[in-house]
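So you can see what is in the structure, the chains are spelled out below.
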Amino acid sequence: MTDKATLTIGDKSYDLPILKGSTGPDVVDVRKFYGDSDHFTFDPGFTSTASCESKITYIDGDAGILLHRGYPIGQLAEESSFLEVCHLLLNGELPTADEFTLFERNITYHTMLHAQFDTFFQGFRRDAHPMAVMTGAVGALSAFYSDSLNVDDPKQREISAHRLIAKMPTIAARAFQYSQGRPFVTPRNELSYSENFLRMCFSVPAEDWVPNPVLTRAMDRIFILHADHEQNASTSTVRLAGSSGAHPFACIAAGIACLWGPSHGGANQEALEMLEEIGTVENIPAYVQGVKDRKYKLMGFGHRVYKNFDPRAKVMQNTCYEVLEQLGINDPLLQVAMELEKVALSDQYFIDRKLYPNIDFYSGITLRAMGFPKEMFTVLFALARTVGWISQWKEMFEDPSRKIGRPRQLYTGATQRDYLAVEKRG
Ligand code: ACO
């Protein structure tokens, strides 16, 4: 039996090939459907549409599974490091010891920014949201690297990927230090990726900075948890921007802009604000009632793909406990979060809609304890997701069937009519 679907419109039938994935749903290939039938398929929000073929990340939303190149996220978060995961996402395999040494060196030795680049930050108001600064600053990077403009050259693509992974922590830390009115801190090559980032964020000239291994590990784990998530809104934005052949740094700036929205990366800031607004455990029932009355949403809950626990949320919750314990913080918001989770998970409204905590539910409390203001939460997400974005962008260029992204539409506006001079308009 051939794998095909048959779609009938009126008295005509169209055979549509079915393409097999290695796991997960197969797809009905509609690429020739418009040409054959003069009909488009309609799927705003892409709830049933695979926009590309990919070998990077697999999600089973019903089972709560997330795999990067086949490896479960829980194993990567517990046993790997962010840079190793970067290599895995970009190149398809975990690195050998020699490959890792080379990769780590390539990243470490590209962390500095052009001295002139720092003048960009001075142009922003100090109270600008750091995501606004990130969108502008990362877009500006493309003005500095005209040696890697040819996106069709694999070597230049690799250089751009390494530069992005290397420079994002430096840019993100500068966006933070600038917002705090503190001087910029130069990266140090003897430090690990996450240690270096924390030092660039929290070190001040007046005293020596002392690394804390628990916080460094937590930072690294948070980066791993956010590294990629297949064809989400920001990744699809990067792919769509890149499909025209645009410079990768400009594409990543587009991804950052998309990530900023409260339905996507901005949710971690909003989740913490929600917990602050609830304030104490006694206020939870009234707040949950407001959600059920559709006055607002429970931020950090629900996901387009996960209709079960977000597998990243469990790791995030454990990381949250570890950080608070290490720092000796007894945050009342953790109590509120745990009780809210319990209440929501046993409430029919949330059960019926399969709403579970997502990664953002516990990340805000953790990051706040580590010393980050909430405006920085989405910046950290952008830093970590950069490797996912650039890996997906690179994969798109390696795909021989690449085409410029050009969705169509169901047009419901006015049909053709004649122009009327202003005095004749009713
Ligand atoms: N609180 C209350 N109700 C919700 C929530 C929520 N957080 N999320 C979805 N629902 C309800 C909807 O009102 C809808 O109910 P209805 O069928 O009675 O109308 C139903 O659940 C289905 O919701 P949709 O909006 O269709 O789900 P969708 O897949 O489009 O939305 C989204 C997913 C945007 C993540 C949504 O769950 C949401 O807004 N969550 C809060 C924001 C958030 O935490 N975002 C982070 C996402 S993870 C990330 O980016 C890392």
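Each chain has its residues counted from 1, running along the sequence as written. Where totals are concerned, whole chains, interfaces and linings use all residues; where local detail is concerned, this predicted model gives features only for residues with pLDDT of at least 70, and gives and counts side-chain atom pairs only at 80 or more. Processing note: side-chain calculations cover all non-hydrogen atoms of the structure and skip hydrogens and water entirely.

## Here's the deal with the packing of aromatic side chains
So, point 1. Here is the rule: rings of Phe, Tyr and Trp (six-membered ring for Trp) pair when centre to centre is within 6.5 Å. Planes less than 30 degrees apart are stacked, more than 60 are edge-to-face, and the remainder are tilted. Following the criterion strictly, the structure yields 23 aromatic pairs and no others.
So, point 2. Geometrically, the ring pair formed by F120 and F144 is edge-to-face, given 6.0 Å between the ring centres and 70° between the ring planes. Of this pair, F120 sits in helix α5 (residues 118-122) while F144 sits in the loop between α6 (130-141) and α7 (154-180), and the two are 24 residues apart along the sequence.
So, point 3. Only protein chains enter the area calculation, which uses a 1.4 Å probe; residues under 20% of their type maximum are buried, those over 50% are exposed, and those in between are partly exposed. We classify F120 as partly exposed; its relative accessible area is 35%.
So, point 4. Aromatic ring contacts, followed pair by pair, group F82, F176, Y193, F197, F202, F223 and F372 into a single cluster.
So, point 5. We count a charge as sitting over a ring when the NZ of a lysine or the CZ of an arginine lies within 6 Å of the ring centre and within 35 degrees of the ring normal. Against the face of Y349 rests R353, its NZ or CZ located 3.8 Å from the ring centre.
So, point 6. A cation sits over an aromatic face here: R408 above Y34, 5.8 Å from the ring centre. Helix and strand definitions here come from DSSP, where helices need a minimum of 4 consecutive H or I residues and strands a minimum of 2 consecutive E residues; each element is numbered from the N-terminal end.

## Remarks on α7
So, point 1. Expected helix span is computed as 1.5 Å times (number of residues minus one). In this model, α7 (27 residues) spans 39 Å end to end at C-alpha, consistent with the 39 Å of a helix rising 1.5 Å per residue.
So, point 2. Along α7, the largest kink reaches about 35° and is centred on K167; proline P169 follows within four residues of it.
So, point 3. In terms of residue burial, α7 counts as a mostly covered element, since 21 of its 27 residues are buried.
So, point 4. Measuring from the side-chain oxygen of the N-cap residue of α7 to the backbone nitrogen of K155 gives 2.9 Å; that N-cap residue is D153.
So, point 5. Two residues or fewer past α7, G181 is found with a positive phi of approximately 75°. One axis is fitted to the seven residues ending at the residue and one to the seven starting there. The bend at that residue is the angle between these axes. Polar contacts, as used here, are pairs of N or O atoms within 3.5 Å; protein pairs need one atom able to donate a hydrogen and one able to accept it. Residues neighboring in sequence count only if both atoms are side-chain atoms.

## Comments concerning the site of the ligand
So, point 1. For this purpose, a residue is taken to be near a molecule or strand whenever a single non-hydrogen atom of the residue falls within 4 Å of it. With respect to spatial proximity, 19 residues lie near the ligand, and among them R294, L298, G300, F301 and R304 are the closest.
So, point 2. In this structure, an oxygen atom belonging to the ligand sits 3.2 Å away from a side-chain N or O atom of H264.
So, point 3. Between an oxygen atom of the ligand and a side-chain N or O atom of N358, the distance comes to 2.9 Å.
So, point 4. Methods summary: accessible areas were calculated by the Shrake-Rupley approach with a probe of 1.4 Å, and residue burial reflects only the protein chains presented. Relative to its unbound accessible surface of 920 Å², the ligand loses 74% to contact with the protein.
So, point 5. Under the scheme applied here, ten amino acids are nonpolar (Ala, Val, Leu, Ile, Met, Phe, Trp, Tyr, Cys and Pro), four are charged (Asp, Glu, Lys and Arg), and all others, including Gly, are polar. Among the residues forming the shell around the ligand, the class breakdown is eight nonpolar, six polar and five charged.

## Quick word on the sheet that holds strand β6 (residues 71-72)
So, point 1. What the three strands build is an open sheet, ordered β4-β5-β6; its pairing is antiparallel. Edge positions in the sheet fall to β4 (57-60) and β6, since each has one partner strand and no second. What makes two strands pair is DSSP finding at least two bridges between them.

## Quick look at the pairing of strand β5 (residues 65-68)
Looking along a regular strand, one sees side chains alternate from face to face of the sheet.
So, point 1. Examined bridge by bridge, β4 and β5 share four bridges and lie antiparallel to one another. Pairing of D60 across the sheet is with I65, part of β5.
So, point 2. Linking two consecutive strands that pair antiparallel, namely β4 and β5, is a turn of four residues; a positive phi of about 70° is found at G64 within it.
So, point 3. Here β5 hands over to β6 after two residues, with R69 in that stretch at a positive phi of 50°.

## Comments concerning the nonpolar core
So, point 1. Counting residues in hydrophobic clusters, the biggest one holds 109 residues, and the most contacted among them are F197, M219, M370 and F372.
So, point 2. No other element matches helix α18 (residues 377-398), which puts 13 residues into this core.
So, point 3. Contacts are assigned to residue pairs with any non-hydrogen atoms lying within 4.5 Å of each other. Not counting residues within four places of it along the chain, the set of residues in contact with F197 comprises P169, A172, A173, M219, F223, F372, L380 and L383. Among buried residues, the Ala, Val, Leu, Ile, Met, Phe, Trp, Tyr and Cys ones that are joined through side-chain atoms within 4.5 Å form a nonpolar core.

## As for the side chain of H264
So, point 1. One can find H264 in the loop between α11 (248-259) and α12 (267-278).
So, point 2. A polar contact is formed between the side chain of H264 and the side chain of N232, at a distance of 3.3 Å.
So, point 3. Discounting chain neighbours no more than four positions away, the residues touching H264 are N232, A233, S234, C258, L259, D360 and R385.

## Some words on the packing of α7 against α18
So, point 1. It is the contact of α7 with α18, at a shortest axis distance of 9 Å, that shows an interaxial angle of 170°. Our classification of the angle between α7 and α18 gives roughly antiparallel. Note on element contacts: α18 touches α7 through V379, A382, L383, T386, V387, I390, W393, F397 and E398, opposite R157, A161, L164, I165, M168, P169 and A172. Orientation is described by lines fitted to C-alpha atoms, with helices fitted over the stretch in contact, and by angles between N-to-C directions that extend from 0 to 180 degrees. By definition in this entry, angles of less than 35 degrees are roughly parallel, angles greater than 145 are roughly antiparallel, angles of 65 to 115 are roughly perpendicular, and the rest are oblique.

## Observations regarding the environment of G255
So, point 1. For G255, the location among the structural elements is in helix α11.
So, point 2. We classify G255 as buried; its relative accessible area is 0%.
So, point 3. A C-alpha to C-alpha distance of 24 Å links G255 and Q116, two positions 139 residues apart in sequence.
So, point 4. Sequence-distant contacts of G255, that is, excluding residues within four places in its chain, are made with S234, T237, V238 and W389.

## Looking at the pattern of salt bridges
So, point 1. Salt-bridge detection follows one rule: a side-chain nitrogen of Lys or Arg within 4 Å of a carboxyl oxygen of Asp or Glu. Tallying each qualifying case throughout the model produces 22 salt bridges.
So, point 2. A salt bridge links R174 to D118, with the nearest nitrogen and oxygen atoms 2.8 Å apart. With a gap of 56 residues between them, R174 in helix α7 and D118 in helix α5 connect regions that are remote in the sequence. Assigned by exposure class, R174 and D118 land together as buried.
So, point 3. Of the charged contacts in the structure, one is a salt bridge between D331 and R368, with a shortest N-O distance of 2.7 Å. Within this pair, whereas D331 is found in the loop between α14 (311-327) and α15 (332-345), its partner R368 is found in helix α17 (residues 360-370), the two being separated by 37 residues in sequence.
So, point 4. A relative accessible area of 32% places R368 in the partly exposed class.
So, point 5. Connected through shared salt-bridge partners, E276, D331, R368 and K374 make up one network.

These figures come from the coordinates and say nothing about function on their own.
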